[in-house]
Amino acid sequence: MSEWVVEVRNLNKYFGRHHVLKDITLRVRFGEVVSIIGASGSGKSTLLRCLNGLEPIQSGEIFIDGVCITANGVNLSKVRQSIGMIFQSFNLFPHMTALENVTLAPRKVKRMPRAEAERIALELLRKVGLEEKAHAYPAQLSGGQKQRVAIARSLAMNPKVMMFDEPTSALDPETVKDVLDVMKELAREGMTMIVVTHEMGFAREVSDRVVHLDDGRIVEEGPPEEIFYRPKHPRTREFLSKVINI
Amino acid sequence: MESWGSNVHFDFSALYKALPSLLVGATVTLRITSLSIALGLGIGIVAGLARVWPNTILRTVAGAYIELVRGTPLLVQIFLVYFGLPALGLNLDPFVAGVIAMGINSGAYVGEIVRGGIESIARGQMEAALSLGMTWHQAMYYVILPQAFVRILPPLGNEFIALLKDSSLVSTIAIAELTRTGQIIITRTFKSFEIWSGVALFYFAMTYLISRIVRFSEERLRYSE
């Protein structure tokens, strides 16, 4: 088993002629929490989507727990089972209850018996504080509740790494905290996490490492104390001065 | 005999006498339409799925079928199946020819409805399903299609109603459905207005029935999004 859950080597990604990710090299250790910060359009979300194969890349290699997912003929579905993905817009399945959302993949992908899948799902819903909403449909939930169900849904596949794509950007301010609390709890339990976020407080408090992406390039990375208090790169200083009001 | 005005005379007793025959014609219309709907649904679901399938050949074949059928008149398609196929040694009973022509025709429209329904489901749904480790087929089956189905119902109801009305075209290949029955009665009674009014009412009763059934299933299946 490799020491790295995620290993990216010289990744380049284009949308048409637009070079969105430039020679990205990034490694994430087991149990590490990495926040990716940067301005809108810097390529943060695209990077995350490349990591679970939702976006094709033009050159470079991506390894998830030692498996090269950019090789020909790789079973992406199999690899994705070990990567949890949380979207800005939740993407809960609207025709299913919270419980059904959480049990679907374990039952259909892992062929888990319904009773066992439901037992695990209820445990996870309790963990995110929504056990009593198990039989509610997504339309009956607030944004923050939806996002917590989405987190439970991903956790049900017992992933090795959880990726969050701006998980709180679409939320009402009063529901952001509940979601961040769940994420902090996950981090405390040792979950490997890659978080694309605009929540600088969260990035500073919870991450082991912060990566600043600027115009498709990693311009600076390091422990949060260094990035936030002693940024070296002028682009990082400029970005932080715009988003942090201390 | 009733009289409205001085020189307009209507004789609705002719319609009354014609009711049993019209009823028989209406059941033929209903039979041919429901069989065509079943065939069209089968073809259309396959064609619609093929239109979004990741396989290029399937997509192209389904696209060509849909374009060809939608670009030619149903009447010509009916003639082609009934009068044209015997040239290839395939002699079909008029009823069977009618069902085949209408089924193939409806399949193209249903195919477009199915494709539209699938494509109307937000891309994030497929991405979320794939991210959980589902295959494309599993995602389609468990996540996309159940949602698409709810959106497909109303346009599908319109297609069924259109098909029922278009079934009057098979009167041209000697199937004694509702329109043909009306024509035959008029050649005997010369009561055009009365009989055609009756025929129209019969059609309306049937299309209204379909629209109620579709509305009912919509309400049963709806979930809020």
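What counts and how
- What you see as residue numbers is a count from 1 along each chain, following the sequence as written.
- Here the convention is simple: chains get letters from A, ligands get numbers from 1, in the order in which they are written.
- The predicted origin of the model limits local features to residues at a pLDDT of at least 70 and limits the giving and counting of side-chain atom pairs to 80 or more, whereas totals for whole chains, interfaces and linings rest on all residues.
- For the side-chain quantities, the full set of heavy atoms in the structure was used; hydrogens and water were omitted.
- UniProt positions are given in the numbering used here, feature names are shortened, and annotations may be inferred rather than shown by experiment.
- We call a residue buried when its accessible area falls under 20% of the maximum for its residue type, exposed when it is over 50%, and partly exposed in between, using a 1.4 Å probe and counting protein chains only.
- Strands are runs of DSSP state E lasting at least two residues, helices are runs of H or I lasting at least four, and both sets are numbered from the N terminus onward.
- Strand pairing follows a simple DSSP-based rule, namely that at least 2 bridges must link the two strands.
- The contact criterion used throughout is that any non-hydrogen atoms of two residues lie within 4.5 Å.
- By definition, the buried area sums, over both parts, the 1.4 Å-probe accessible area that each loses when the two are put together.
- A side-chain nitrogen of Lys or Arg and a carboxyl oxygen of Asp or Glu constitute a salt bridge if their distance falls within 4 Å.
- Three residue categories are used. Nonpolar comprises Ala, Val, Leu, Ile, Met, Phe, Trp, Tyr, Cys and Pro, charged comprises Asp, Glu, Lys and Arg, and polar comprises the others, including Gly.
- Simply put, an axis is a line fit to the C-alpha atoms, just over the touching stretch for a helix, and the angle between two N-to-C directions goes from 0 to 180 degrees.
- As used here, the arc is the angular range of directions from the helix axis to the C-beta atoms.
- For a helix, the expected span equals 1.5 Å multiplied by the number of residues minus one.
- Every angle not falling under 35 degrees, over 145, or within 65 to 115 is termed oblique; those three ranges are roughly parallel, roughly antiparallel and roughly perpendicular.
- The sense of a crossing depends on the near helix, which, turned anticlockwise from the far helix by less than a right angle, makes the crossing left-handed and, turned clockwise, makes it right-handed.

As recorded in an unreviewed UniProt entry, chain B goes by Putative glutamine transport system permease protein GlnP and comes from Candidatus Caldatribacterium californiense. Taken directly from UniProt, the Function (unreviewed entry) text for chain B runs: "Part of the binding-protein-dependent transport system for glutamine; probably responsible for the translocation of the substrate across the membrane." According to UniProt, the comment filed for chain B under the heading Sequence similarities (unreviewed entry) is "Belongs to the binding-protein-dependent transport system permease family. HisMQ subfamily."

K.L.:
Requested: an account of the pairing of strand E3 (residues 33-37) of chain A, with residues and values cited.
P.N.:
Residue and element names in this part refer to chain A. Most of E3 sits out of view: five of its five residues are buried. Burial along E3 is two-sided: the face carrying Val-33, Ser-35 and Ile-37 and the face carrying Val-34 and Ile-36 are both buried. Pairing of E3 with strand E9 (residues 209-214), which is carried by four bridges, proceeds in the parallel orientation. If you follow Ile-36 over to E9, its bridge partner there is Val-211.

K.L.:
Residues and numbers for the interface of chain A and chain B, please.
P.N.:
Taken residue by residue, the interface counts 24 residues in chain A and 20 residues in chain B. Taken as a group, Phe-93, Pro-94 and His-95 of chain A account for 27% of the area that chain A buries against chain B, more than any other trio of residues on that side. Applying the counting rule to chain A against chain B returns one salt bridge. Where the side of chain A that touches chain B is concerned, the elements lending two or more residues are helix H2 (76-80), strand E6 (83-86), helix H3 (98-108) and helix H5 (143-155) of chain A. Among the elements that line the side of chain A that touches chain B, the one with the most residues is H3 of chain A, at three residues. Residue composition of the side of chain A that touches chain B, by class: 13 nonpolar, six polar and five charged.

K.L.:
Quick rundown of the sheet that holds E9 of chain A? Include the residues and the values.
P.N.:
All names here are of chain A. Within the open sheet, the six strands sit side by side as E6-E7-E8-E3-E9-E10. Their pairing is mixed. Single-partner strands in this sheet number two, and they are E6 and strand E10 (217-222). Between one strand and the next, the sheet's axes are offset by a mean angle of 15°, whatever the strand orientation.

K.L.:
Account for unusual backbone geometry, naming residues and giving values.
P.N.:
Residue and element names in this part refer to chain A. Here the phi dihedral of Asp-65 falls at roughly 45°; this positive angle occurs in a residue that is not glycine. With respect to the helices, strands and loops of the structure, Asp-65 is situated in the loop between strand E4 (59-64) and strand E5 (67-68). Owing to a relative accessible area of 15%, Asp-65 belongs among the buried residues under this scheme. Unusually for a residue other than glycine, Arg-111 sits at a positive phi of about 55°. Topologically, Arg-111 is positioned in the loop between H3 and helix H4 (114-127). Relative accessible area serves as the criterion here: at 63%, Arg-111 is assigned to the exposed category.

K.L.:
Quick rundown of the environment of Ile-152 of chain B? Include the residues and the values.
P.N.:
Residue and element names in this part refer to chain B. By secondary structure assignment, the location of Ile-152 is in helix H6 (residues 136-166). Spatially, the C-alpha atoms of Ile-152 and Val-110 are 9.2 Å apart, while their sequence positions differ by 42 residues. If near-sequence neighbours (up to four positions away) are discounted, Ile-152 is found in contact with Ile-113, Val-114 and Gly-117.

K.L.:
Would you mind going over the UniProt feature "transmembrane region" (unreviewed entry) in chain B in detail, with residue names and values included?
P.N.:
All names here are of chain B. The UniProt entry lists residues 28-50, 62-83, 95-114 and 195-214 under the feature "transmembrane region" (unreviewed entry), expressed in the numbering used here. Split by type, residues 28-50 is 100% helix and 0% strand. Its first and last C-alpha atoms lie 33 Å apart. Counting secondary structure, residues 195-214 comes out at 100% helix and 0% strand; the distance between its end C-alpha atoms is 29 Å.

K.L.:
Report on the UniProt feature "domain: ABC transmembrane type-1" (unreviewed entry) in chain B, specifying residues and quantitative values.
P.N.:
When the UniProt feature table is mapped onto this chain, "domain: ABC transmembrane type-1" (unreviewed entry) is found at residues 26-214 of chain B. With 81% helix and 0% strand, residues 26-214 of chain B has its two end C-alpha atoms placed 20 Å apart.

K.L.:
Quick rundown of helix H3 (residues 74-84) of chain B? Include the residues and the values.
P.N.:
Since one α-helical turn is 3.6 residues long, residues separated by three or four positions face the same way. All names here are of chain B. Within H3, burial applies to Leu-74, Gln-77, Ile-78 and Val-81. The buried residues of H3 occupy an angular sector of 100° when projected down its axis, which confines them to one face. Where H3 is buried, its residues contact helix H2 (56-70), helix H4 (94-119) and H6.

K.L.:
Tell me about H5 of chain A, and please be specific about residues and values.
P.N.:
The end-to-end C-alpha distance of H5 of chain A is 18 Å, a good match for the 18 Å that 13 residues give at a rise of 1.5 Å each. The buried fraction of H5 of chain A is high, at eleven of 13 residues. Regarding H5 of chain A, the residues found buried are Gly-144, Gln-145, Gln-147, Arg-148, Val-149, Ala-150, Ile-151, Ala-152, Arg-153, Ser-154 and Leu-155 of chain A. Considering only its buried residues, H5 of chain A is in contact with E6, H3, H4, strand E7 (161-165) and helix H6 (173-188) of chain A together with helix H5 (123-131) of chain B.

K.L.:
I'd like a description of the sheet that holds strand E2 (residues 18-29) of chain A, backed by residues and values.
P.N.:
Residue and element names in this part refer to chain A. In spatial order, the strands read E2-E1-E4-E5; together these four strands make up an open sheet with antiparallel pairing. Each having just a single partner strand, E2 and E5 make up the two edges of the open sheet. As paired strands, strand E1 (residues 4-15) and E2 are joined by eight bridges and run antiparallel to one another. Pairing of Lys-13 across the sheet is with Leu-21, part of E2.

K.L.:
Talk me through the pairing of strand E8 (residues 192-196) of chain A; I want residue IDs and the actual numbers.
P.N.:
Residue and element names in this part refer to chain A. The element E8 is extensively covered by neighbouring structure, given that five of its five residues are classed as buried. Side chains Thr-192, Ile-194 and Val-196 project from E8 onto one buried face, and the interleaved Met-193 and Val-195 project onto a second face that is buried too. Two elements, E3 and E8, share four bridges in a ladder whose sense is parallel. Along E8, the bridge assignment pairs Val-33 with Met-193. Direction of pairing for E7 relative to E8: parallel, over a ladder of five bridges. Residue pairing for E8: Val-161 is matched across the bridge by Thr-192.

K.L.:
Got a sec to walk through the packing of helix H1 (residues 12-52) of chain B against H2 of chain B? Specific residues and values, please.
P.N.:
Residue and element names in this part refer to chain B. Remark: H1 packs on H2, axes separated minimally by 7 Å, with the N-to-C direction vectors making an angle of 130°. With respect to H2, the element H1 is oriented oblique. Two packed elements cross with a definite hand, and for H1 against H2 that hand is left-handed. Contacts between H1 and H2 pair Ile-43, Ala-47, Ala-50, Arg-51 and Val-52 from the former with Leu-58, Arg-59, Ala-62, Gly-63, Tyr-65 and Ile-66 from the latter. Of the residues in the contact of H1 with H2, the class split is eight nonpolar, one polar and two charged.

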